[in-house]
Structure formats: structure tokens, C-alpha cells
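# Observations on the model geometry
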Amino acid sequence: MKYNWGILIIVFFCSCQSHYTNNKTILEAEGLLNAKPDSAYSILSSIKHPDKLSEVDYAAWCLHYSYAQYKLEKNIKSDSLIRVAVNYFRTTNLRKYSGTAYYLLGFYYQFNNKNKDALIYLKEAERLLKETTENNLNGLVTFYIGSICAQDELHNHSLNYYRKSAYYFRRSNNRKYMAYVYREISEMYYQLNYPLDSTTYYLNLALKYSIESKDSVNYYSILLQQGIILREINQKLAKDDLIRGIKYFPSQKQYYSAHLAYVYSKLNMNDSADYYLKISLKDTVNSPLKIIWLHAAALISKNALNYKKAYYYLEKSYDRRDSTYQDNMRSQLYKIDKQFDLTQKEKENVKLISDNQSKLIWITLLVILILFGTIVFLFVSNRIKQKNAKLELEKQYLQFESETVKNQNSQKRELLQVKLKENLTNTLEFNKLKKSFEDSEKRTEFYTQLAKQSMLSADVWPYYIEQANYIFDNGIDEIKKLHPELSKTDLIVIALIGLKIPIGDSFILLNMSKNTMYVRRKTIKKRLGLGPDIDLESWIQTNMNIELTSV
């Protein structure tokens, strides 16, 4: 029964667990992925012909190789390896690895500007990873979902996902990632017109964590963002932030020059404002910036007391703002529709997940019920087998006892039959002799016959000596070997002493006189080399290891 239970437990747990790689090289690389991704990449690259590995090993290799490329910011040219990992791990309950695979696939599509596909895979990664303790991965997944929403200007959705991301990064205490997510939260506050102190609060947190994590790129990006936010309320600080940021990112000079021109014009520093305004005019790509540099141009003209020119630029900026406002209104209606569609889609996904979970619960309950029924069946079957085996043993035991009693009765009948025949024969002989008892010859024959049946004759004593020797475990033979001068009569007397026959019975049995028996015993002691003080009975009992009771 224990064996059956063991099999069921093993089968049940095997059905609940999924196989993962045991390849030592891949496991070694996996252990180095976070701390030393370059070493992990080298180890994985050293495996020749990974496609010839087993299915699970190849899937694990594809996953970690793609992850190492992602960590090292290498250009992932194709999604083929990631899809191998996705297709294998999605059929398992290894949520960490399946979630990682979906995250990498989502990142690949977002990197290639396919946000619609990216969002599908990132949402699946979110679903799988939220049940794990992989806080950094959970944070990255929700961060990139928020980034996609921000690109579509779905700022409320974006803010919600950035907040989720911040929660996971706080749990993992990853200060580098916290700096990025707080910078994006600040940007969403700015876009949604939240109070300025809330916007700057998250911006200051982002600056703090970028300094602690020694992330210069993010630090100067935050300074540029802060310069734009502060251009209306603190032009001096905004100017310093923008200049420091442009020095670190000289390629961004044209874009941020419009903001610098505006700040310098607010500070009544027309030469610097005019310098940066000319630089910003070279940027023909970022059309929203035209409003800013038109404002800057108007302020420069105003500061130069050229009110006509200032009015011209202000009029242009207001025309541009009206046009932009109308475009924004149309865009906002589109975004509202898109947000509604996204909300409906999420509701449908939640309902689908709920339905799938219900089906999964019913399937799980059905499997448990089948397993329970199988266990009960095996338990009952085993009990029946045990009961039948017990009955069979009892039957065999009773049969054995019956045969034993039968054999014993048969032996008893045979023995009684022999004894009865002997008694009948003896009675017949006795009665025959009795009838002729008056005849002296017949009388002598009667005594002789009686003696044969009742007494040990001299010619049968050697046979009984052999029996006694057997009883004494060849003790008589041993004495005879050591003392060959002992006679047959001596051996008979020794046997009788060994059998603890009293001396009074011994000389009668041997048809001797009492004195003759004592003389014989002295002769035996002499031939054994025993002194007068040694007791013959004790010596014989000791040397033949006899433990018999008196006959």
C-alpha cells in the first residue's frame, strides 16, 4: 500500500512540476547574468551547436543568450531565439522564465517601433511575473508598458504603470531604476498639469537616486527636464540646468536651444537669447518648439523696445497656438476613443482571464477528484487483496494442522497395531507354554523365552553401548581411544554410570554380585589412571558432558 501511495504522490507532483535545464554551463551563465552579463554572454557563446542540445536545454540557452544580449545593449537582429524560449516555457509553470521570455519579446518589438505587438507581449509578461518575486523584472515590464502609453499620450494609463513600476523597484531597492521611473512620473505630472511642487518632488527624487547610482546619463537628462519645467518660475536655475545638460548632450543642442532662448529672453539677456534662438531655428523637425522660440523672439524684440516686431511674433505664436490647440483637440478626441477602446480591451482580457481561471479551477478539481477516486480504488483493492491473502494463509495453516493431526493419528494407529500384534503374539506364546508348563523342558523353554522378551542378553549389550555412545556424543569412543585397555564389560559399566543407573541396579542388570561390581569399578579407576580420592561417577559425568536425570 505504501508503494502505491508513493507512486501516486510522485505522479501527482510530476504533473505539477515542469522540467528545467540541468546543463551546468547554462546554469553557470544564468548565475552571472545580473552581476557579470559579459561573462555570461561569453560562456553561452562558447557552447557550439546549441541547436543540438535537448529541447529544454536549447530553450534555456535561447532565453539566457537573448537576455545577455539585452543586458549588454547588443542589437538583437531577430526574434527567432526569443520565440524558441517563449514557445517552450509558455507550456510550463515556470513563470519566471516564461515571463522573462515574453518580456524580451515585448522589448524587441518596442525597440523596433511595433508598439501594438510589444504591448501584447509585455501584458502577458506582466500577468506571468506578478506571481513571482522577480521585482526588477516586474518593474521593467510595467515601466515599458507605461512608456508605450506615454508615446500614445495616454498619460493617465502611463502614470498608473509608472507607479506600479516604482513599487517593484522600491521592493528590490534598485536605485538606478528608481531614478528613471521617478523622472517619468514627474514628466507625467507635468503633462497632466499636476501642482508644481508634486512634479518637482519626484524630479528631486530622480536626481537623488541617479547620483547615488552614479548614472551620469540619467542625471543630466533629468537636469534638462528640470530646466524645461522651471523656465516659467525660476529662470536662473532653469538656465543653469539647461546649459549643463546641453554640455553633456551636445547633439541635443538644437532642441534645447529654443528653451534656452526663452529663458534668456525672460532674464532680459538679449544677446544670449538671440544666439540660442538662431541655433533653434535650424531645428525643422520639432515643430511644437516653434511656439517657444516665437515667444522668445517676441520677448527679445520687446526687450529691444521693438514693439511692432514683438507684436508680430506674438501674433504668429498665438496663431500657431490656436492651430496647435485645434490639432490637440482632434488628437484628444482620438486619444479618448483609443483610451476607451483600451479600457474595453482590458475589461475583455480580465473577463477572459477570469473565465480561463474558472476553467482551470474546474479542470484542477476534476484531476484531484480522479486522483482521489484512484487512491480510494487502490486502497480498497489493496485491503481486499490483504484480506484474501490472510484468508489463504489461514486456509493453508488449517490444512497443515489437519495433515499433521492425520499423520500423527496414522502413526499412533500403526504403533498400536504393532504393539497389539506383539501382545497377541506374546500372549499366544505364553498360553502355549503355560499349557505345557508341567513338562520340565517346556518350563525351561518358557523361562528362556521370557528372558528373551524381558532381559538384555550379553550378545545385545554392544548394540546398546553404541546407542549410549550416540547419546553421550561419542564420549565412550573418546574414553576408549585414550584408554584402550578398557574391556567391553568396563565400557558397559561406564555406560551405566553415565546413564546414572544406581550401583544396586547395575550389578543385577549385569547378573553380578555386589562385590564383583565394586571390584569392577576399582579396576576401571585403575585403568583410567584415577586416584583413590577421585569419584568415578563425577569424573565420567564431567568428561562426557552428561546432563541426564537418573533412570
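Residues numbered from 1 in each chain as written. Predicted model: local features only at pLDDT ≥ 70, side-chain atom pairs only at ≥ 80, totals over all residues. Heavy atoms only, no water.

This next bit is on the overall build of the chain. For the chain, the count of helices and strands is 24 helices and zero strands. Sorting the 551 residues of the chain into buried and exposed places 37% on the buried side. Pairs at least 24 residues apart make up 57% of the contacts formed inside the chain by residues separated by at least 6 positions. Split by element, the accessible area of the chain, about 35,200 Å² in all, is 55% carbon and sulfur. (Helix = DSSP H or I, 4+ residues; strand = E, 2+ residues; numbered from the N terminus. Buried < 20%, exposed > 50% of the residue type's maximum accessible area, 1.4 Å probe, protein only. Contact = heavy atoms within 4.5 Å. Areas by Shrake-Rupley, 256 points an atom, 1.4 Å probe, with all protein chains shown as cover.)

Our next topic: the packing of aromatic side chains. According to the stated counting rule, one finds 28 aromatic pairs in the structure shown. Plain terms: the ring middles of Tyr-58 and Trp-61 are 6.3 Å apart, the flat faces sit at 10 degrees to each other, and that makes the pair stacked. Of this pair, Tyr-58 and Trp-61 are both found in helix H4 (residues 55-71), three residues apart, which corresponds to roughly one turn of the helix. An angle of 80 degrees between the planes, with centres 5.1 Å apart, marks the rings of Tyr-219 and Tyr-220 as edge-to-face. When its relative accessible area of 21% is taken as the criterion, Tyr-220 is described as partly exposed. Geometry around Tyr-41 places Lys-74 over its ring, the cationic atom sitting 4.9 Å from the centre. (Phe/Tyr/Trp six-rings, centres within 6.5 Å; stacked < 30°, edge-to-face > 60°. Lys NZ or Arg CZ within 6 Å of the ring centre and 35° of its normal.)

What follows deals with the environment of Tyr-70. Note that Tyr-70 resides in helix H4. Note on Tyr-70: relative accessible area 13%, which makes it buried. Sequence-wise, Tyr-70 and Tyr-108 are 38 residues apart; in three dimensions their C-alpha atoms are separated by 9.1 Å. Look past the residues within four positions of Tyr-70 in its chain and what remains in contact with it is Ile-76, Tyr-103, Leu-104, Phe-107, Leu-140 and Tyr-144.

Bringing helix H20 (residues 475-482) into the picture now. Taken as a whole, H20 has its buried residues at Gly-475, Ile-476 and Ile-479. Down the axis, H20 shows its buried residues gathered within 100 degrees of arc, on one side only. (Arc of directions from axis to C-beta.)

One pass over the structure, following the stated rule, counts 12 salt bridges. Arg-95 is paired through a salt bridge with Glu-131; the nearest N and O atoms lie 3.3 Å apart. Pair noted here: Arg-95 is in helix H6 (residues 95-111) and Glu-131 is in the loop between helix H7 (115-129) and helix H8 (135-151), with a separation of 36 residues, a long-range link. A salt bridge links Arg-527 to Asp-490, with the shortest nitrogen-to-oxygen separation between them at 2.3 Å. You can see Arg-527 sitting in helix H23 (residues 514-528) and its partner Asp-490 sitting in helix H21 (residues 488-498), a full 37 residues away along the chain. For Asp-490, a relative accessible area of 0% corresponds to the buried category. What you see here is one network of salt bridges that share partners, running through Lys-123, Glu-126 and Lys-164. (Salt bridge = Lys/Arg side-chain N within 4 Å of Asp/Glu carboxyl O.)

To continue, consider the side chain of His-155. By the element assignment, His-155 lies in helix H9 (residues 155-172). Take His-155: its relative accessible area is 15%, and that puts it in the buried class. Not counting chain neighbours up to four residues away, the residues in contact with His-155 comprise Ala-150, Met-188, Gln-191 and Leu-192.

Contact geometry of H8 with H9 gives a least axis separation of 8 Å together with a crossing angle of 165 degrees. By the criterion of interaxial angle, the relationship of H8 to H9 is roughly antiparallel. Relative to H9, H8 is oriented so that their crossing is left-handed. Counting all contacts with H8, which are made through Asn-135, Asn-136, Asn-138, Gly-139, Leu-140, Thr-142, Phe-143, Ile-145, Gly-146, Ser-147, Cys-149 and Ala-150, the residues of H9 involved are His-155, His-157, Ser-158, Tyr-161, Tyr-162, Lys-164, Ser-165, Tyr-168, Phe-169, Arg-171 and Ser-172. Grouping the constituent residues of the contact of H8 with H9 by class yields nine nonpolar, 12 polar and two charged. (Axes fitted to C-alpha atoms, helices over the stretch in contact; angles between N-to-C directions. Parallel < 35°, antiparallel > 145°, perpendicular 65-115°, else oblique. Left-handed = near helix turned anticlockwise from the far one by under 90°. Nonpolar A, V, L, I, M, F, W, Y, C, P; charged D, E, K, R; others polar.)

In terms of nonpolar packing, the biggest core is built from 73 residues, with Tyr-70, Phe-89, Tyr-103, Tyr-144 and Tyr-182 touching the most fellow members. Tallying contributions element by element places H4 first for this core, with 10 residues. Ala-468, Leu-496, Ile-524 and Leu-528 belong to the second largest nonpolar core, which has 25 residues in total. (Core = buried A, V, L, I, M, F, W, Y, C linked by side-chain atoms within 4.5 Å.)

Before going further, it helps to examine a nonpolar patch on the surface. A surface patch of nonpolar side chains, about 440 Å² in accessible area, is lined by Phe-372, Val-376, Phe-379, Val-380 and Ile-384. For Val-376, the position within the fold is in helix H17 (residues 307-435). (Patch = residues over 30% accessible without salt bridge, like charges linked within 9 Å, V, L, I, M, F, W, Y side chains within 5 Å.)

So, about helix H10 (residues 175-191). Between its terminal C-alpha atoms H10 stretches 24 Å, which fits the 24 Å expected from 17 residues at 1.5 Å a residue. Of the residues making up H10, those classed as buried are Met-178, Ala-179, Val-181, Tyr-182, Arg-183, Glu-184, Ile-185, Ser-186, Glu-187, Met-188 and Tyr-189. Against the buried residues of H10 lie H8, H9, helix H11 (196-212) and helix H12 (216-229). After H10 finishes, the residue Asn-193 shows a positive phi value of roughly 60 degrees. (Expected span 1.5 Å × (residues − 1).)

Further remarks concern a negative patch on the surface. A cluster of acidic residues, Glu-466, Asp-473, Asp-477 and Glu-478, forms a negative patch at the surface. Within the secondary structure, Asp-473 is located in the loop between helix H19 (461-471) and H20. According to the relative accessible area criterion, Asp-473 is exposed, its value standing at 64%. (Lys, Arg positive; Asp, Glu negative; His and termini not counted. Charge placed at Lys NZ, Arg CZ, Asp CG, Glu CD.)

This part covers unusual backbone geometry. Within the chain, Asn-113 stands out as a residue other than glycine whose phi angle is a positive 60 degrees. Residue placement: Asn-113 occurs in the loop between H6 and H7. Judged by relative accessible area, Asn-113 falls into the exposed class, the value being 69%. At Asn-193, a position not held by glycine, the phi torsion is positive, near 60 degrees. Among the secondary structure elements, Asn-193 is positioned in the loop between H10 and H11. Of the residues examined, Asn-193 reaches a relative accessible area of 68% and is grouped as exposed.

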